[in-house]
Amino acid sequence: MEYRLKKLAEYIRGWMGYFRITEYYSPIPRLDQWIRRRIRCCFIKQWRKPKTRYRNLIRLGVDHIKAASIAASSKGYYRLSKTYAAQLVLNDSYLSKLELVSLKDLWIRFHHPR
């Protein structure tokens, strides 16, 4: 996962460096949300077995009932990545600690420097 996040950060920085000229902001937050949801999906997909999902969700701070319902769910990975518990523990601050770059923050930094 570290390698995936590192390569994604490189790609996002390069993409934003190329497209920073545009003043069109409206698709940026949606793209940022989509990227974060896909990362959550990758985490859940990486925890393939229900026991592993349950253990990792508990380790990240989800209560036992929600962790068990996600672990035992037969829904797809992408759909599980939108659940409240997945968004609660794999939130923006957690992903930024893992050095995931935010498109929205880069766009704001390019267009409104301090």
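This text gives an overview of the structure that appears in the document.

Rules behind the numbers
- Residues numbered from 1 in each chain as written.
- Predicted model: local features only at pLDDT ≥ 70, side-chain atom pairs only at ≥ 80, totals over all residues.
- Heavy atoms only, no water.
- Axes fitted to C-alpha atoms, helices over the stretch in contact; angles between N-to-C directions.
- Helix = DSSP H or I, 4+ residues; strand = E, 2+ residues; numbered from the N terminus.
- Left-handed = near helix turned anticlockwise from the far one by under 90°.
- Contact = heavy atoms within 4.5 Å.
- Nonpolar A, V, L, I, M, F, W, Y, C, P; charged D, E, K, R; others polar.
- Salt bridge = Lys/Arg side-chain N within 4 Å of Asp/Glu carboxyl O.
- Buried < 20%, exposed > 50% of the residue type's maximum accessible area, 1.4 Å probe, protein only.
- 1 Å grid on protein atoms, 1.4 Å probe; cavity = no way out; pocket = protein on both sides within 12 Å on 5 of 7 lines; lining within 4 Å.
- Points joined across faces, edges and corners; volume = space filled by probe spheres on them.

### Observations regarding the packing of helix α1 (residues 2-19) against helix α8 (residues 103-111)
Now for step 1: Relative orientation of the contacting elements α1 and α8 amounts to 35 degrees, with a least axis distance of 10 Å. The handedness of the crossing between α1 and α8 comes out as right-handed. Between α1 and α8, the contacting residues are Ile-12, Arg-13, Trp-15, Met-16 and Gly-17 on the first element and Leu-103, Leu-106, Trp-107 and Phe-110 on the second.
Now for step 2: Residues belonging to the contact of α1 with α8 are distributed by class as follows: seven nonpolar, one polar and one charged.

### Points about the pattern of salt bridges
Now for step 1: With the rule as written, the count across this model stands at three salt bridges.
Now for step 2: For Arg-36, the salt bridge is made with Asp-32, and the minimal N-O distance between the two is 3.7 Å. Taken together, the residues Arg-36 and Asp-32, both in helix α2 (residues 27-46) and four residues apart, mark about one turn of the helix. As far as burial versus exposure is concerned, Arg-36 and Asp-32 are alike and both buried.
Now for step 3: Residue Arg-36 is joined to Asp-92 by a salt bridge in which the shortest nitrogen-to-oxygen separation is 3.6 Å. Here Asp-92 lies in helix α7 (residues 92-97) and Arg-36 lies in helix α2, a separation of 56 residues in the sequence.
Now for step 4: For Asp-92, a relative accessible area of 43% puts it in the partly exposed group.
Now for step 5: Within this structure, Asp-32, Arg-36 and Asp-92 form a network of salt bridges that share partners.

### Focus on the layout of surface pockets
Now for step 1: Volume-wise, the largest pocket comes out at about 290 Å³.
Now for step 2: If you go around the largest pocket, you meet 15 residues; those closest to its centre are Asp-32, Gln-33, Arg-36, Arg-40 and Asp-92.
Now for step 3: Secondary-structure elements contributing two or more residues to the lining of the largest pocket are α2, α7 and α8.
Now for step 4: Top contributing element to the lining of the largest pocket by residue count: α2, with seven residues.

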